[in-house]
Amino acid sequence: MPYSDDETDDELDASSEGEPEEPPEHEPGAQPPVDTRSSDLGWSVKSNDRAYHQLPEFQRKVFLCIKKSKYSGNGIKTYKYNAITFIPLNLFEQFKRAANLYFLALLILQIIPEITTLPWYTTLVPLVLVLSITAIKDLADDLATNESIKPPCNRGCPLLSFQETKWMDMQVGDVVRLKKNDFVPADILMLSSSNPNSLCYVETAELDGETNLKFKLALKITDEKLQQEHQLAQFDAMIDCEEPNNRLDKFTGTMQWSRHSYPVDLDNILLRGCKIRNTDVCHGLVIFAGTLVPTNTGLQQSVCGQVPQYPQTQAYNHQIFALLILVALGLAIGHGFWYEQIGSLAWYLYDGADQSSVYRGFLSFWGYIIVLNTMVPISLYVSVEVIRLGQSKFINWDLQMYYAEKDTPAKARTTTLNEQLGQIEYIFSDKTGTLTQNIMAFKKCNIGGKTYGENLSPWLVRDDGERPLYLVLQPVDFGWNQYADPKFEFMDHSLVACIRSKQDQETLEFFKLLSLCHTVMVEHKEGELVYQAASPDEGALVTAARNFGFVFLHRTQDTITIKEMDHEATYQMLALLDFNSDRKRMSIILKFPDGRIRLYCKGADTVIYERLSPHSLHQETTQTSLDIFANETLRTLCLCYKDISQAEWDEWSRKHTAASIATRDRDAALDQVYEQIENDLLMIGASAIEDKLQDGVPETIANLAKADIKIWVLTGDKKETAENIGFSCQLLTDNMKIHYGEDLDLSNRITFYCSSNSYVGFACSQPHLQIALDKSVPKCMSNIGFDVNAWQVDFVDMACECEAVICCRVTPKQKANVVSLVKKYKKAVTLSIGDGANDVNMIKTADIGVGISGQEGMQAVMSSDYAFAQFRYLERLLLVHGRWSYIRMCKFLRYFFFKNFAFTLVHFWFSFFNGFSAQVAYEDWFITLYNVCYSSLPVLLVGLMDQDVNDKLSLKFPKLYLPGQRGALFNFKKFFISLFHGIFVSLIIFFIPYGAFLQTMGQDGEAPSDYQSFAVVTASSLIITVNLQISLETSYWTFVNCFAVLCSMAIYFGIMFDIHSAGIHVIFPTYFTFTGTASNALRQPYLWLTIILTVGISLLPVICIQFLSKTIWKKYEMEAEEEKRPPTFQRGGRSRRSGYAFSHSRGYADLISSGRSIRRRLNDVMLNVMGGGFFVLSFCFHTFLSTRTVSLREIKKQSNLAFLYFSFLMHQP
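Residues numbered from 1 in each chain as written. Predicted model: local features only at pLDDT ≥ 70, side-chain atom pairs only at ≥ 80, totals over all residues. Heavy atoms only, no water.

**So, the overall build of the protein chain**
Helix and strand content of the protein chain: 39 helices and 37 strands. Counting over 1213 residues, the protein chain shows a buried share of 56%. Of the contacts formed within the protein chain by residues at least 6 apart in sequence, a portion of 74% connects residues at least 24 apart. In the form shown here, the protein chain has an accessible surface area of approximately 52,800 Å², with 57% of it arising from carbon and sulfur atoms. (Helix = DSSP H or I, 4+ residues; strand = E, 2+ residues; numbered from the N terminus. Buried < 20%, exposed > 50% of the residue type's maximum accessible area, 1.4 Å probe, protein only. Contact = heavy atoms within 4.5 Å. Areas by Shrake-Rupley, 256 points an atom, 1.4 Å probe, with all protein chains shown as cover.)

Put into structure tokens, the structure is as follows:
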């Protein structure tokens, strides 16, 4: 596992401590069998005994009196649905959503004749359509998941009888045999293998995405005694371990066999989904079986049946539902008063039912709940899902986020967070592998107080016979070493000369430590050595030792063989004290060929210096070199050793054996034992590794900072290293004032002031984060009543005032805690980005997690919401896709609410003229198809494809991102604007046709003032209005958008003429009652003029506001910006690095918030033209209402005026 300062996770350590030698059976040091069932280990497995696992004590109740063994079979349920359960189970899952349940309740109410005035199909058709679309999506997801998981279920594997059997037929306690390239069928305790010392190499790509090989090993006792088939058949051990869980990084258990107990840990376990590599045959005991493992195999889980969450719309739907209740209640009260004063006195309104006015009002209330139900749109959720799916596909298809070098495209692993990408305020980033390439190169070292890697050796070279001599830096020639890696480069020739002379023992000891103290695995391919390292750091150090003559050749369970210059040496490995993020070091205890016992240790300087012997030399010079290396952004480790006597080893070994078989808190017990041996160390030196920045990191950080996104870097590196990386990637600049955590007085509340024109950076190291993150208050501060919560608030307030924050020496857990603090106290949308397993907690804690597929496997990617290959793609993800998604979703929601309010509230106005009787203003089929066919396509395309500016301008002007952070495009203010806009349009759409129909005579002498003709005119006006309204809202016109608007209106008129035809009335006389209404009404020019004027007046306020905002108001805003704009250049600045001046001038937030666009589009010209046209139309309508007769001369006069106005507008720039 990785051992560098910032590449670890205390929850992801490998627990690869070496197995101590088993004491002989006659020695009292062997641990007697213990009853672990009473401890925390609640899982017992007996080998080769299936009947044991069916005992009553292992039965559990599953339903009523039905019991089942807790040891499940090994089959995998590869589907959520089948042919029988699909419909009922999917409907059950869908009706968990409140909206679907609400409309189901409405459908039940519509069956009651006394309540409803709408037929049942007006709700049933949209509900069935929504449920069908969602069911088809869920079924497709389930089939995809089924196909991806089903093949492993049918793989074969031989049992103890060595007969081929399917995975699903295996049970706990079976002994299985696996061959090379086989997949492990269950969680298995490894017993033996064909390799020496029962080593087994596995590939865990299906578990964590990592392709580098890892090694597993059997217990020494099973390796010695379980090699033959008959020995395996007689194996009767009892395994007591932890119960099945979803952790891949830890395992605690004990094997009881032959009256002795042996510790079992993760090194002995083959997890399901691993692939056997470089091992001919291995045997194992099935510990866990069942369906738990697919959640860990890297296969994406099915999301079918899960209830999507829509936090952006739920709050507003509550407001709408409350408004619906209030409106329905008011109209019901109105109906009660109307019936009391008018309805009950009119003999021609008597319906034969002797009901009181209160009861009639009660029935009217439920009737209006049904009539006004479209205020809560049923199709909103499906439309949002379609838009989010499309936006996710656009991210996947973006070629500018495709990394060709590794053939890695961007991947949106979720479809529910796209619009939140446009609202990010804080980014929390790992350093190594995220900002840097995570390709490590050994650059410098300090050995015995002397630094190597600085004294470069220039060579005189002549390029050809004509050119003069010039100096070049010649790298070291490692041709003398047959095992040297040709890719390795080192520039200091003096170090090689020192090693080859064999005069400096400290230098030889330095590289011997690097070749022995590690967990690297080696493969021999075509005569070459191929190292498989758990981290790039470890691989770089072992490769460096290899090039300098100390070559790691191979290892077994308890030996390591290296070549020291010109001879091979094999060392016995007594114990391996592995690295984790709490220890920040790893050690190995070796027995030399001459019998000496020595401990080698390497780790972070903060922990090594605490454990050095007072007699250790070169402490000061090494510390000076460490500071210099850190200032050069190099990653450092300290190397030291300790000689151990045989008596000291024997005593410590007994403690280690006891701790390794502890059934409770085994890790803590082992750490305590490790502390007892890792002391009085002697310093050898320090190593320095270079990790270069990725391409485009400085430019990306600078642009994100301009978008007012605050970036925090959370790293385990030294403060100096992190600070210099901050300067090199332009996270920190020279015009920033840097504050350090150690400069703060922890005993007092912090008062932190920043002027509006200053840039502030904050660098805080791990000890000063301890109180804020872990709540560990020093005794001196607890005595004075120190308030940890107050410190947390002060810390967050102070840090959030800074332009950039770097947290040093933090553990993976503390990374997640930093994110939690900002989320808790700032209520901001956060994003975490990382590349390794140590970043998983941070990625999962943030609102949005981004994984980089780098050098450390795929664990970060598999835990993330979005994934790509390079940090620079984050800029495009946020500033382009995130901003577009946010703008599109906000525009979609505003328009969706508007069109439903405009549609529904016409019933409200109509109620004042029908005695509040819950009579509808439209035809039944129009209500049914309004949201499904007539108005859905244009707004759906706006939500998918609309752009205010193109991607290049989005990146060029990062200030355009600000409206999303402020929530300026959709909030309660915008919601109520949509509400009042819908109220206004509904008012116009109802009252203008109503006024036009009063005492009107058509050209044929007939009066078109019947209810059905009124419904047709009102519906036609509404359809044209809402489709033209979305046209005005569209910023990016394509053929598809134009087609959608025209097609929606064409579909409306086509369907209307069909359902108003006599033929369909003959077939379904009950459901189609508007026979001939459309053809009769729409042949009247008077009604067409009513429709045009209704549409014109409905759109006139919007056109006027947009016209003024693009002309007069825009001019005043630009003049104000010119007065406030600060100077763009100031002399006298000084920089020690290539700083980047962040732009803090006024941006384009207000421009985007107001709905205006930077683009010069056809909409601007059309807006002006339509403005003039509707001005003339409004004048015509005024004349029309005044005289009721429009002469041809007046129309011609107004047309000429309009033509002159259009000509004037078309010549404007």
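**Details of the packing of helix α27 (residues 937–945) against helix α32 (residues 1039–1059)**
Look at α27 against α32: their axes get within 8 Å of each other, and the N-to-C directions meet at 160 degrees. As judged from the angle between their axes, α27 and α32 are roughly antiparallel. For the crossing formed where α27 meets α32, the hand is left-handed. Two secondary-structure elements touch here, α27 through L937, P938, L941 and V942 and α32 through V1040, N1041, A1044, V1045 and S1048. In the contact of α27 with α32, the residues fall into seven nonpolar, two polar and no charged. (Axes fitted to C-alpha atoms, helices over the stretch in contact; angles between N-to-C directions. Parallel < 35°, antiparallel > 145°, perpendicular 65-115°, else oblique. Left-handed = near helix turned anticlockwise from the far one by under 90°. Nonpolar A, V, L, I, M, F, W, Y, C, P; charged D, E, K, R; others polar.)

**Observations concerning the environment of K815**
On the secondary structure map, K815 appears in helix α22 (residues 812–826). Considering only alpha carbons, one finds K815 and M842, 27 residues apart in sequence, at a separation of 5.7 Å.

**Topic: the packing of aromatic side chains**
Within the structure shown, the criterion is met by 64 aromatic pairs. Ring centres of F912 and F916 lie 5.3 Å apart, and the angle between their planes is 70 degrees; on these two criteria the pair is classed as edge-to-face. Its relative accessible area of 14% is what places F916 among the buried residues. The residue whose ring lies beneath R546 is Y531, and the NZ or CZ to ring-centre distance is 5.3 Å. (Phe/Tyr/Trp six-rings, centres within 6.5 Å; stacked < 30°, edge-to-face > 60°. Lys NZ or Arg CZ within 6 Å of the ring centre and 35° of its normal.)

**So, the nonpolar core**
By size, the foremost hydrophobic cluster in this structure holds 96 residues, and its most contacted members are F892, F897, F926 and L1022. Setting aside its immediate chain neighbours within four residues, F926 contacts F903, Y934, A1019, L1022, I1023 and Y1052. Of all hydrophobic cores here, the second largest spans 54 residues; its members include V496, V520, Y571 and Y641. (Core = buried A, V, L, I, M, F, W, Y, C linked by side-chain atoms within 4.5 Å.)

**Quick word on a nonpolar patch on the surface**
Taken together, the side chains of W120, V1066, I1067, F1068 and Y1071 make up a nonpolar region of the molecular surface, amounting to roughly 530 Å² of accessible area. Secondary-structure assignment places W120 in the loop between α2 (98–110) and α3 (121–153). By relative accessible area, which is 40% here, W120 ends up partly exposed. (Patch = residues over 30% accessible without salt bridge, like charges linked within 9 Å, V, L, I, M, F, W, Y side chains within 5 Å. Salt bridge = Lys/Arg side-chain N within 4 Å of Asp/Glu carboxyl O.)

**Considerations on helix α12 (residues 536–547)**
Given 3.6 residues per helical turn, the α-helix brings residues three or four places apart onto the same face. End to end, α12 covers 16 Å across twelve residues, agreeing with the expected 16 Å (1.5 Å per residue, within 8%). Listed as buried for α12 are P536, D537, E538, G539, A540, L541, V542, T543, A544, A545, R546 and N547. Directly after α12, the chain includes G549, whose backbone phi takes a positive value near 105 degrees. (Expected span 1.5 Å × (residues − 1).)

**Thoughts on the sheet that holds strand β12 (residues 260–265)**
Paired through their backbone hydrogen bonds, the strands of a sheet run either parallel or antiparallel. Here we have four strands laid out as an open sheet, ordered β1-β10-β11-β12, and antiparallel in their pairing. Here the strands that pair on one side only, and so sit at the sheet edges, are β1 (43–46) and β12. Direction aside, the axes of adjacent strands within the sheet are offset by 20 degrees on average. Judged from the four bridges that link them, strand β10 (residues 238–241) and strand β11 (residues 252–257) form a sheet pairing that is antiparallel. If you follow C241 over to β11, its bridge partner there is G253. (Pairing = 2+ DSSP bridges.)

**Here's the deal with the sheet that holds strand β14 (residues 275–277)**
In spatial order, the strands read β9-β8-β14; together these three strands make up an open sheet with antiparallel pairing. The sheet terminates laterally at β9 (213–217) and β14, the two strands that pair on one side only. Strand-to-strand twist of the sheet, defined as the mean angle between neighbouring strand axes without regard to direction, takes the value 45 degrees. Note: strand β8 (residues 199–203) against β14, three bridges, orientation antiparallel. The residue bridging Y201 from the neighbouring strand is R277, located in β14.

**Brief notes about the pattern of salt bridges**
The final tally for this structure, using the stated rule, is 30 salt bridges. Note that R598 and D643 form a salt bridge whose closest N and O atoms lie 2.6 Å from each other. Separated by 45 residues along the polypeptide, R598 in strand β28 (residues 597–603) and D643 in strand β29 (residues 635–644) bring together distant segments of the chain. For D847, the salt bridge goes to K823, with nearest N and O atoms at 3.8 Å. Of this pair, D847 sits in the loop between α23 (840–845) and β36 (848–852) while K823 sits in helix α22; the two residues are 24 residues apart in sequence, bridging distant segments of the chain. Under the relative-accessibility criterion, D847 is labelled partly exposed at 27%. K823 sits in the partly exposed class, given a relative accessible area of 27%. Salt bridges linked by common partners bring R583, R585, E610, R611, E675 and E678 together as one network.

**What about the UniProt feature "binding site: Mg(2+)" (unreviewed entry) in the protein chain?**
Look at the UniProt record and you will see "binding site: Mg(2+)" (unreviewed entry) annotated at D430, T432, D835 and D839. Taking the farthest pair of C-alpha atoms as the criterion, the annotated set spanning 410 residues converges on one region, since that pair is 10.5 Å apart. For T432, the location among the structural elements is in the loop between β17 (426–429) and β18 (441–447). Position of D835 relative to the elements: it lies in the loop between β35 (830–834) and α23. For D835, a relative accessible area of 0% corresponds to the buried category. (UniProt positions renumbered as here; feature names shortened; annotations may be inferred.)

**Observations regarding the packing of helix α11 (residues 505–516) against α12**
Closest axis-to-axis distance for the α11/α12 pair is 8 Å, and the angle between their directions is 130 degrees. The orientation of α11 relative to α12 falls into the category oblique. The way α11 lies across α12 gives a crossing that is left-handed. Along its contact with α11, which presents F511, L514 and S515, the element α12 presents L541, V542, A544 and A545. In terms of residue class, the contact of α11 with α12 is built from six nonpolar, one polar and no charged.

**Description of the side chain of T123**
Residue position: T123 is located in helix α3. Ignoring any residue separated from it by four or fewer positions in sequence, one finds T123 in contact with F103, L107, Q110 and N373.

**With respect to unusual backbone geometry**
Phi angles above zero are rare outside glycine, and D407 is one such case at about 55 degrees. Judged by relative accessible area, which is 54%, D407 ranks as exposed. One non-glycine residue with positive phi stands out, namely D708, at about 65 degrees. You can call D708 partly exposed: its relative accessible area is 40%.

**Focus: the pairing of strand β24 (residues 550–555)**
Counting buried positions along β24 yields five of six residues, so the element is predominantly enclosed. For β24 and strand β25 (residues 559–564), the ladder comprises five bridges, and the chain directions are antiparallel. Residue pairing in the sheet places F552 in a bridge with I562 of β25. Where β24 folds back onto β25 in an antiparallel hairpin, the turn is made up of three residues.

**Focus: the state of the cysteines**
Applying the stated criterion across every chain yields a total of zero disulfides. Among the cysteines around C445, which has no disulfide bond, C498 carries the closest sulfur, lying 9.8 Å off. (Disulfide = S-S within 2.5 Å.)

**Re helix α17 (residues 697–706)**
Within α17, nine of the ten residues are buried, which leaves it mostly tucked inside the rest of the structure. Along α17, the residues classified as buried are V697, P698, T700, I701, A702, N703, L704, A705 and K706.

**Considerations on the environment of Q227**
Structurally, the position occupied by Q227 is in the loop between α5 (220–225) and α6 (229–233). Taking the C-alpha atoms as reference points, Q227 and L191, 36 residues apart in sequence, are found 8.6 Å from one another.

**Some points on the pairing of β36**
Buried residues dominate β36, accounting for five of its five residues. Going residue by residue along β36, you find I848, V850 and I852 tucked away on one face and G849 and G851 tucked away on the opposite face as well. For β35 and β36, the ladder comprises four bridges, and the chain directions are parallel. Looking across to β36, one finds that S832 is bridged to G849. Inspection of the sheet shows β36 paired to strand β37 (residues 866–868) by three bridges, in the parallel sense. In the strand pairing of β37, V850 is matched with Y866.

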